[in-house]
Amino acid sequence: MINITKEDERFMWMAIESAKIAEENGDVPIGAVIVYQNRIIGKAYNQREQLQDPTAHAEIIALTQAAAAVESWRLNGCTMYVTLEPCPMCAGALVLSRMDRLVYGCDDPKSGACKSLYNIVQDERLNHRLEVTAGVLEKECREQLQNFFEQRRIEKEELKTQNQ
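Residues numbered from 1 in each chain as written. Predicted model: local features only at pLDDT ≥ 70, side-chain atom pairs only at ≥ 80, totals over all residues. Heavy atoms only, no water.

**Examining the sheet that holds strand β2 (residues 39–45)**
One open sheet accounts for 5 strands, arranged β2-β1-β3-β4-β5; its pairing is mixed. Single-partner strands in this sheet number two, and they are β2 and β5 (131–134). Pairwise comparison of adjacent strand axes, ignoring direction, gives a mean angle of 15° for this sheet. Pairing analysis gives 6 bridges linking strand β1 (residues 31–36) to β2, with the strands arranged antiparallel. Bridged to Ala32 within β2 is Ala44. The sheet contacts of helix α3 (residues 58–70) involve β1, β2 and β3 (78–84), and relative to β2 the element is tilted by about 150°. Contacts from helix α5 (residues 138–162) reach β3 and β4 (101–106), with the element oriented near 60° to β4. (Pairing = 2+ DSSP bridges. Helix = DSSP H or I, 4+ residues; strand = E, 2+ residues; numbered from the N terminus. Axes fitted to C-alpha atoms, helices over the stretch in contact; angles between N-to-C directions. Contact = heavy atoms within 4.5 Å.)

**Observations regarding the state of the cysteines**
Taken as a whole and judged by the stated rule, the model has 0 disulfides. Left without a disulfide partner, Cys78 is nearest to the cysteine sulfur of Cys90, which lies 16 Å away. Summary of cysteine pairing: Cys90 is not part of a disulfide, and the nearest cysteine sulfur, belonging to Cys87, is at 3.7 Å. For Cys90, a relative accessible area of 0% gives the class buried. (Disulfide = S-S within 2.5 Å. Buried < 20%, exposed > 50% of the residue type's maximum accessible area, 1.4 Å probe, protein only.)

**Focus on the packing of aromatic side chains**
Per the counting criterion, the structure on display carries 2 aromatic pairs. A ring pair is formed by Phe11 and Tyr81, whose centres lie 5.3 Å apart and whose planes are at 35°; its orientation type is tilted. Taken as a pair, Phe11 in helix α1 (residues 6–24) and Tyr81 in strand β3 lie far apart in primary sequence, 70 residues in all. Judged on exposure class, the residue Phe11 and its partner Tyr81 are both buried. Taking 5.1 Å as the distance between ring centres and 80° as the angle between the ring planes, the aromatic pair formed by Phe148 and Phe149 counts as edge-to-face. (Phe/Tyr/Trp six-rings, centres within 6.5 Å; stacked < 30°, edge-to-face > 60°.)

By themselves, these are just geometric observations and shouldn't be taken as functional.
Structure (structure tokens):
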């Protein structure tokens, strides 16, 4: 049994709120929060469309903020809360940052690299591993993403109908 705390839920709600900003900007609604000693030191949302940058994932932006906050690339003692299981790029960055813990909302069966397709963050061949807690506010995180993509499909179909 995974021990999900009230603190895990509180910080995941903040990540969900951050993800709403991504959606408002036309990007996939993924949000991330990094916590050190019960204080938020990084908070971001996907900005790939906004910045036209393939690396502008919520996790990467939050990692940059957190490193600036502690003035070190080593994020020992930190926990990342993110609404979707990180991709290979983000999972690798978490390992390289020496983050202690990852908490995520829902699995990503298409590109998840912490459980679904790979498990980069706990690969024993690497020099650092993270503690992982999955499924925190899973339903809310999954619905946020599903609603976004459903709306995208509706908009695409409406555009297709208008152009006929």
